[in-house]
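Observations on the three-dimensional arrangement
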Amino acid sequence: MTEIIIAILLGVFVVATGVFSLIRFNRDMAHGSKCEKKGECDR
Amino acid sequence: MNVYLIGMLISMVAYVVIGFFISRTVKNANDFYVAGRKAPTLLIVGSLVASYCSTGLFMGDVGEAVRGTYTPVMITIAMLVTGYVLGSIFFGKYLRRSEVLTIPEFFGKRFQSRKMKVLASLTSLVIYLVYMLSIMQGIGTLMSYVTGLNYNVCIALALVCFTVLTITSGSKGVLITDTIMFGVFTVAAFIGAIVIVVKAGGWNEAVSALTAHNPALFSWHGTAVASGYSSSDNMVWAVMTGITWIAVCMVGPWQSSRYLMAKNEHTVVRSSCIVAFCVFIIEFLMMTVGAFVIKLNPAIVNEPSNAMIWAAMNVMPLILGVVMLTGVLAAGISSATTFLSLIGSAFANDLIEVKDEKKKVRIGRIAIAIAAAVILLLAVINPPNIYIIMCLSGTVVVCAWFPVCIASIWSKRVTRTGAFCGMLFGFIGCAVMKILSTAGILSLPIYLDAFFVGIVLNILGLVIGSALTKVSPEEKEEREKLMKTPDSEFDKKEIKKTRKYIYGYMISGVAILLVLLLLWALPYAKTI
């Protein structure tokens with residue numbers, strides 16, 4: 001049973017880091033395009 | 001002449017010849033040190049995986065599985081692969097944006113400090129030397145075991161091959177040959193694994209038989225419990241090592257330096273998504289199939305590191321065995337070329353600041369030749385106390401670099417003094433703790449690895465050093481430049497494509513879950 005829980009947790013961990021990375025990537029791209037237009041790209 | 005030796009010699013000559021042809025396209029320092037900054041996703045993937053996979057994977061990690069720490073190491077692997085994607089998003093693409101030749105140069109530019117550049121270069125050089133020695137050990141052991149040749153002759157042959165390759169073609173050649181070698185050892189690993197699984201009676205049958213023979217082998221705690229560790233100790237070790245290696249894959253210089261060669265920032269993110277899955281699958285396959293070798297040869301537990309080598313020589317058809325062993329050798333050589341090229345750039349670009357392009361390439365080549373000679377000498381003499389230095393693994397350089405790398409991008413307050421203190425304290429703290437524990441002078445609890453001591457000291461240095469000094473206008477300007485995304489990165493098609501790769505990475509997380517569940521946890525639970 002412990003082995004099954006470990007397998008699920010590891011898979012969920014990888015997916016979670018993917019979600020986290022996607023959010024960051026989207027924010028970078030959105031922020032970049034907005035601040036580029038305004039000329040104030042400091043965060 | 002031994003057929004395995006013939007195969008290995010042919011492959012080494014082939015790499016040198018390829019390197020020679022690539023050398024004709026090396027025109028300037030950019031070509032030599034960062035492959036002209038034009039590398040597509042495939043080459044970055046090839047080089048990243050090849051730098052990660054050395055003889056340490058095919059002999060060391062497989063040995064751990066055979067020895068009985070299968071699950072703890074597997075947990076570490078599944079955790080560390082996430083470091084690639086996190087690293088590309090939070091550090092790699094900014095590193096690429098800085099358009100420097102080396103990571104120490106990035107620190108020097110970001111903090112407008114030559115001291116930072118030199119410190120980063122020196123800390124990385126120590127680790128490159130240690131890694132090169134351990135790769136030489138792996139290659140020497142593999143070649144002498146397989147061919148029967150003298151150990152010193154084996155390491156000299158391999159060293160001549162990868163030194164000539166690196167000197168002639170630089171990073172451009174390293175990228176291309178790394179990718180070829182990545183292809184060779186991946187194909188060899190997959191076909192070899194199929195043969196071993198068939199000979200072991202099928203996947204589920206092998207898991208069941210081995211579990212019946214030794215119930216602890218695939219269990220969550222492993223057989224290491226028999227050596228005096230508790231089950232929870234093993235879990236704590238696995239998670240701690242996993243966290244440590246996430247940091248290694250995020251900012252480790254032999255990994256993140258590949259991003260400097262990428263053609264754009266999208267390539268950085270895309271390659272990291274592919275690498276994460278490739279590394280997991282190769283590791284999972286080799287470790288599990290390596291454990292299956294016990295079913296074919298129970299005596300292999302007495303020499304666990306040689307499990308795959310034994311299988312290649314005794315289980316696989318001759319030609320496939322030659323390809324498999326050539327693949328393992330390729331894994332070792334590809335890592336060695338990466339480290340050797342990094343040593344060259346550390347000298348010519350960071351320690352000696354050469355302005356002239358041609359001179360910079362020439363000094364890099366001389367530095368590579370000298371470093372190779374020193375490494376050969378150390379590997380042959382093998383001084384009795386060298387084990388003290390050998391304990392300084394990649395975690396030491398990450399202790400010195402990790403918080404500084406992240407702060408250099410994401411903190412407005414970090415100053416050059418803070419960064420310098422953080423890097424110095426992190427390196428010394430981790431190195432001293434490692435040396436003391438290896439020498440048996442200090443015994444650390446399992447949850448207090450030297451890595452965490454180094455990281456805490458690094459953060460303390462960063463915070464205190466930055467609190468006592470002010471960010472200069474030049475440092476502020478450099479950070480602002482890093483935060484400004486180049487116009488070329490805002491191509492909507494490219495953004496959409498990169499987003500698809502990140503979705504792909506998330507799907508690979510589900511695939512990892514299914515692989516672990518269907519090929520390990522469920523067959524094991526069914527038998528137990």
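Read on for a plain summary of the structure. The residue count restarts for each chain, going from 1 along the sequence in the order it is written. Labels follow written order: the first chain is A, the first ligand is 1, and so on. Where totals are concerned, whole chains, interfaces and linings use all residues; where local detail is concerned, this predicted model gives features only for residues with pLDDT of at least 70, and gives and counts side-chain atom pairs only at 80 or more. For side-chain calculations, the full set of non-hydrogen atoms in the structure is used, while hydrogens and water are omitted.

What follows is about the overall build of chain B. When you go through chain B residue by residue, the secondary structure sums to 21 helices and zero strands. The atom set for the radius of gyration is the C-alpha atoms, and the globule formula is 2.2 Å times the number of residues raised to the power 0.38. A globule of 528 residues ought to have a C-alpha radius of gyration of about 24 Å, and chain B, at 23 Å, matches this closely. Along the three orthogonal principal directions, the C-alpha set of chain B runs to about 65 × 55 × 50 Å. Working definition: with a 1.4 Å probe on protein chains only, accessible area under 20% of the residue-type maximum means buried, over 50% means exposed, and in between means partly exposed. Classification of the 528 residues of chain B by burial places 61% in the buried group. Of the contacts formed within chain B by residues at least 6 apart in sequence, a portion of 86% connects residues at least 24 apart. Roughly 19300 Å² of accessible area belongs to chain B as shown, and the carbon and sulfur atoms make up 67% of that amount. Taken as two groups, the 41 positive and 25 negative side-chain charges of chain B have centres that lie 5 Å from each other. Secondary structure elements follow DSSP: runs of H or I no shorter than four residues count as helices, runs of E no shorter than two count as strands, and numbering proceeds from the N terminus. Pairs of residues are marked as contacts when any of their non-hydrogen atoms sit within 4.5 Å. In this description, accessible areas are obtained by the Shrake-Rupley approach with a 1.4 Å probe, and a residue is regarded as covered only by the protein chains that are shown. Positive charges come from Lys and Arg, negative ones from Asp and Glu, while His and the chain ends are left out of the count. For this purpose, a charge sits on NZ of Lys, CZ of Arg, CG of Asp or CD of Glu.

Quick look at the overall build of chain A now. What chain A contains, in helices and strands, is one helix and zero strands. A burial count over chain A gives 42% of its 43 residues as buried. Entry remark: accessible area of chain A is about 2300 Å², with carbon and sulfur atoms responsible for 68%.

Before going further, it helps to examine the interface of chain B and chain A. A common way to state how big an interface is: give the accessible area lost once the parts meet. Taken residue by residue, the interface counts 45 residues in chain B and 29 residues in chain A. Buried area is calculated as the accessible area (1.4 Å probe) missing from two parts once they are joined, with the contributions of both summed. Buried surface at the junction of chain B and chain A, summed over both partners, amounts to about 3200 Å²; 76% is from carbon and sulfur atoms. Counted as salt bridges are all cases of a side-chain nitrogen of Lys or Arg within 4 Å of a carboxyl oxygen of Asp or Glu. At the surface where chain B touches chain A, the tally comes to one salt bridge. For the salt bridge of Asp28 of chain A with Lys93 of chain B, the shortest nitrogen-to-oxygen distance reads 3.0 Å. Here a polar contact is taken to be a pair of N or O atoms separated by no more than 3.5 Å, where protein atoms must pair a possible hydrogen donor with a possible acceptor and residues adjacent in sequence count only if both atoms sit in side chains. Our count for the chain B to chain A interface comes out at five residue pairs in polar contact (both at pLDDT 80 or more). Of all elements in the fold, only helix 5 (70–97), helix 10 (231–251), helix 20 (473–483) and helix 21 (492–527) of chain B reach the threshold of two or more residues within the side of chain B that touches chain A.

A few words on the state of the cysteines. Residues and elements named next belong to chain B. When two cysteine sulfur atoms are found within 2.5 Å, that pair is recorded as a disulfide. Per the counting criterion, the structure on display carries zero disulfides over all chains. Between Cys161, a free cysteine, and Cys154, which holds the nearest cysteine sulfur, the sulfur-to-sulfur gap is 13 Å. The exposure class of Cys161 is buried, given its relative accessible area of 4%. With no disulfide of its own, Cys278 lies closest to Cys53 among cysteine sulfurs, the gap being 8.9 Å.

With that settled, consider the nonpolar core. Considering soluble globular proteins, one finds that nonpolar side chains tend to be buried as a cluster. Residues and elements named next belong to chain B. Residues Phe107, Phe280 and Phe292 are the most contacted members of the largest nonpolar core, which totals 196 residues. In terms of residue count, helix 12 (residues 265–296) provides more of this core than any other element does, 19 residues in total. Beyond its immediate stretch of four places on either side in the chain, Phe107 contacts Gln112, Met116, Ala120, Trp401, Val404, Cys405 and Met423. The nonpolar core is taken to be a set of buried Ala, Val, Leu, Ile, Met, Phe, Trp, Tyr and Cys residues, with the residues joined through side-chain atoms within 4.5 Å.

The next thing to look at is the pattern of salt bridges. Scanning all chains against the criterion turns up nine salt bridges over all chains. Among the ionic contacts, a cluster of salt bridges with common partners joins Arg24 and Asp28 of chain A together with Lys93 of chain B.

So, about the packing of helix 17 (residues 394–410) of chain B against helix 20 of chain B. Residue and element names in this part refer to chain B. Axes here refer to lines fitted to C-alpha atoms; in helices the fit is confined to the stretch in contact. Angles between the N-to-C directions go from 0 to 180 degrees. One can describe the packing of helix 17 onto helix 20 by two numbers: an axis separation of 9 Å at closest approach and a directional angle of 85°. When the interaxial angle is binned, helix 17 and helix 20 end up roughly perpendicular. In this structure, helix 17 uses Ser408, Ile409 and Trp410 to contact helix 20, whose residues at the interface are Arg479, Leu482 and Met483. Oblique is the label for every angle not falling under 35 degrees (roughly parallel), over 145 degrees (roughly antiparallel), or within 65 to 115 degrees (roughly perpendicular).

Residues and elements named next belong to chain B. Here helix 13 (residues 307–314) lies mainly inside the structure; six of its eight residues are buried. Among the residues making up helix 13, those that are buried are Ala307, Met308, Ile309, Trp310, Ala311 and Ala312. If you follow the buried residues of helix 13, they end up packed against helix 1 (3–23), helix 4 (55–67), helix 7 (114–147), helix 8 (151–199), helix 12 and helix 14 (318–351).

Attention shifts here to the environment of Leu5 of chain B. All names here are of chain B. Structurally, Leu5 is set in helix 1. What makes Leu5 buried here is its relative accessible area of 7%. Spatially, the C-alpha atoms of Leu5 and Thr147 are 5.4 Å apart, while their sequence positions differ by 142 residues.

One less than the residue count of a helix, multiplied by 1.5 Å, gives the span that helix is expected to have. With 32 residues, helix 12 of chain B ought to run about 46 Å at 1.5 Å a step, and its terminal C-alpha atoms sit 47 Å apart, in line with that. The N-capping residue of helix 12 of chain B, defined by a side-chain oxygen 3.1 Å from the backbone nitrogen of His266 of chain B, is Asn264 of chain B.

This brings us to unusual backbone geometry. All names here are of chain B. In this structure, Ala35 takes a positive phi of about 50° despite not being glycine. Take Ala35: it is sitting in the loop between helix 2 (29–34) and helix 3 (41–52). One non-glycine residue, Arg37, lies in positive phi territory at about 55°. On the secondary structure map, Arg37 appears in the loop between helix 2 and helix 3.

Our focus in this paragraph is the packing of aromatic side chains. Pairing of aromatic rings covers Phe, Tyr and Trp, the last counted by its six-membered ring, and requires centre-to-centre distances within 6.5 Å; plane angles under 30 degrees mean stacked, over 60 mean edge-to-face, and any other angle means tilted. Within this structure, the stated rule accounts for 20 aromatic pairs over all chains. Geometrically, the ring pair formed by Trp203 of chain B and Phe284 of chain B is stacked, given 6.1 Å between the ring centres and 20° between the ring planes. Of this pair, Trp203 of chain B sits in helix 9 (residues 203–213) while Phe284 of chain B sits in helix 12, and the two are 81 residues apart along the sequence. Across this residue pair, the class does not change: Trp203 of chain B and Phe284 of chain B are buried. On the numbers, 5.1 Å between centres and 85° between planes, the contact of Phe451 of chain B with Phe452 of chain B is edge-to-face. The residues Phe451 of chain B and Phe452 of chain B share a single accessibility class, namely buried. Each member of the aromatic cluster is reached from another via a ring pair, and the members are Phe20 of chain A together with Phe90, Tyr94 and Trp410 of chain B.

Residue and element names in this part refer to chain B. Packing of helix 9 against helix 12 brings their axes to within 10 Å, and their N-to-C directions diverge by 60°. Viewed along their axes, helix 9 and helix 12 adopt a mutual orientation that is oblique. For helix 9 against helix 12, the interelement crossing comes out left-handed. Residues Trp203, Glu205, Ala206, Val207, Ala209 and Leu210 of helix 9 touch helix 12, and the partners they reach there are Phe284, Leu285, Thr288, Val289, Ala291, Phe292, Ile294 and Lys295. Here the nonpolar group is Ala, Val, Leu, Ile, Met, Phe, Trp, Tyr, Cys and Pro; Asp, Glu, Lys and Arg are the charged ones; every other residue, Gly included, is treated as polar. Residues that form the contact of helix 9 with helix 12 fall into these classes: eleven nonpolar, one polar and two charged. By convention the crossing between two helices is left-handed if the near helix lies anticlockwise of the far one by an angle smaller than a right angle, and right-handed if it lies clockwise.

The next point concerns a nonpolar patch on the surface. Residue and element names in this part refer to chain B. Residues Phe425, Val456, Leu457, Ile459, Leu460, Val463, Ile464 and Leu468 make up a contiguous nonpolar surface patch of about 740 Å² in total accessible area. Residue position: Phe425 is located in helix 18 (residues 416–438). Assessed through its relative accessible area of 39%, Phe425 is described here as partly exposed. Patch membership requires over 30% relative accessible area and the absence of a salt bridge. Like charges are linked within 9 Å, and nonpolar side chains (Val, Leu, Ile, Met, Phe, Trp, Tyr) within 5 Å.

Turning to its location among the elements, Ile282 of chain B is positioned in helix 12. Sequence separation between Ile282 of chain B and Val49 of chain B is 233 residues; the distance between their C-alpha atoms is 9.6 Å.

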